[in-house]
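# Architecture and fold: a report
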Amino acid sequence: EVKIDEEPIKAVRTTKLLGVHLDSKMTMKDHSKHLIKEGKRRLKQLCAIANSAFGPSQASIRNTYISYIRSLFDYGAPVWYPLISKTNIKKILCLQNKALRITLGTLR
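As the structure is a computational prediction, the values presented were derived from the model and not from experiment.

### Section: the overall build of the protein chain
Tallying secondary structure elements over the protein chain gives four helices and four strands in all. Starting at the N terminus, the α and β elements of the protein chain follow one another as β-β-β-β-α-α-α-α. In terms of overall dimensions, the protein chain is more spread out than a globule: its C-alpha atoms have a radius of gyration of 18 Å, far above the 13 Å expected for 108 residues. For the protein chain, the spread of C-alpha atoms along the principal axes amounts to about 65 × 30 × 20 Å.

Structural data, given as C-alpha cells:
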C-alpha cells in the first residue's frame, strides 16, 4: 500500500498523462481506441471542408490535414508507437491514408 500524507493511493487500471492514455499493462489499447475515435471525427470534418464546391484551395486543405489530423497521430508517438499492436497500427494507418486521399483529391 502506497501512502501520501497518510492517505492511501488507489490503484487505477488506466490514466491519462499529457494526452497519452496509459493502461496498467502498457498495451496502449485505450490510447489506440482514442486515436481511432478522434481520428474518424476529424476525418469527417476534413471531408466536409474538402468536398464543398466553393471550398478552400488544395494548399489550405493540406495545411488543415497537417495541423489537425497528422498532429493527432504524431503527438506522443515515441511513447505509444513501440508498444501498440500491429492491428491497431493498421487501423491508424488506414485512417491516415483516407485523410491523405481526401487532401489530395484522389480516388482509392
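Still to come is the rest of the account.
### Quick look at the packing of aromatic side chains
To describe a pair of aromatic rings, one takes the distance between the centres and the angle between the planes. Applying the stated criterion across every chain, the model contains one aromatic pair. Between the aromatic rings of Trp-80 and Tyr-81, the centroid separation amounts to 6.2 Å while the plane-to-plane angle is 65 degrees, which identifies the pairing as edge-to-face. Here Tyr-81 falls in the partly exposed class, since its relative accessible area comes to 46%. Of note, Arg-42 hangs over the ring of Tyr-68, and the distance from its end group to the ring centre comes to 4.5 Å.

### So, the pairing of strand β3 (residues 14-17)
As judged from the four bridges shared by β3 and strand β4 (residues 20-23), these two strands associate in the antiparallel manner. Paired with Thr-15 across the strands is Leu-22, a residue of β4. Counting the residues between successive antiparallel strands, the hairpin from β3 to β4 contains two residues, one of them, Leu-18, with a positive phi of roughly 55 degrees.

### Some thoughts on helix α4 (residues 86-104)
Over its 19 residues, α4 extends 26 Å from the first C-alpha to the last, a length consistent with the 27 Å expected when each residue adds 1.5 Å. Along α4, the residues that are buried comprise Asn-88, Ile-89, Ile-92, Leu-95, Gln-96, Ala-99 and Thr-103. Taken end-on, α4 shows its buried residues confined to a sector of 125 degrees, consistent with a single buried face. Those residues of α4 that are exposed and aimed more than 90 degrees away from the buried face are Lys-86, Thr-87, Lys-90 and Leu-104. Where α4 is buried, its residues touch α1 (29-50), α2 (58-74) and α3 (77-80). Where α4 ends, the next residue or the one after it, Gly-105, has phi of about 75 degrees, a positive value.

### Some remarks on the nonpolar core
Among the nonpolar cores identified, the biggest contains 20 residues, and Ile-69, Phe-73, Trp-80 and Ile-92 are the most heavily contacted of them. Apart from residues lying up to four places away in sequence, Ile-92 is in contact with Leu-35, Ile-36, Phe-73, Trp-80 and Ile-84.

### Re the pattern of salt bridges
Evaluation of the coordinates by the stated rule reveals four salt bridges. Between Arg-70 and Asp-74 there is a salt bridge; the shortest N-O distance is 3.4 Å. Highlighted residues: Arg-70 and Asp-74, both in helix α2, separated by four residues, approximately one helical turn. One network of salt bridges, with partners in common, ties together Glu-38, Arg-41 and Arg-42.

### Description of unusual backbone geometry
With a phi close to 55 degrees, Asp-5 is a non-glycine residue in the positive phi region. Here Asp-5 shows up in the loop between β1 (3-4) and β2 (7-8). Relative accessible area serves as the criterion here: at 69%, Asp-5 is assigned to the exposed category. With phi around 65 degrees, Glu-6 is a residue other than glycine that occupies positive phi space.

Scoring rules and cut-offs
- Residues numbered from 1 in each chain as written.
- Predicted model: local features only at pLDDT ≥ 70, side-chain atom pairs only at ≥ 80, totals over all residues.
- Heavy atoms only, no water.
- Helix = DSSP H or I, 4+ residues; strand = E, 2+ residues; numbered from the N terminus.
- Rg over C-alpha atoms; globule rule 2.2 N^0.38 Å.
- Phe/Tyr/Trp six-rings, centres within 6.5 Å; stacked < 30°, edge-to-face > 60°.
- Buried < 20%, exposed > 50% of the residue type's maximum accessible area, 1.4 Å probe, protein only.
- Lys NZ or Arg CZ within 6 Å of the ring centre and 35° of its normal.
- Pairing = 2+ DSSP bridges.
- Expected span 1.5 Å × (residues − 1).
- Arc of directions from axis to C-beta.
- Contact = heavy atoms within 4.5 Å.
- Core = buried A, V, L, I, M, F, W, Y, C linked by side-chain atoms within 4.5 Å.
- Salt bridge = Lys/Arg side-chain N within 4 Å of Asp/Glu carboxyl O.

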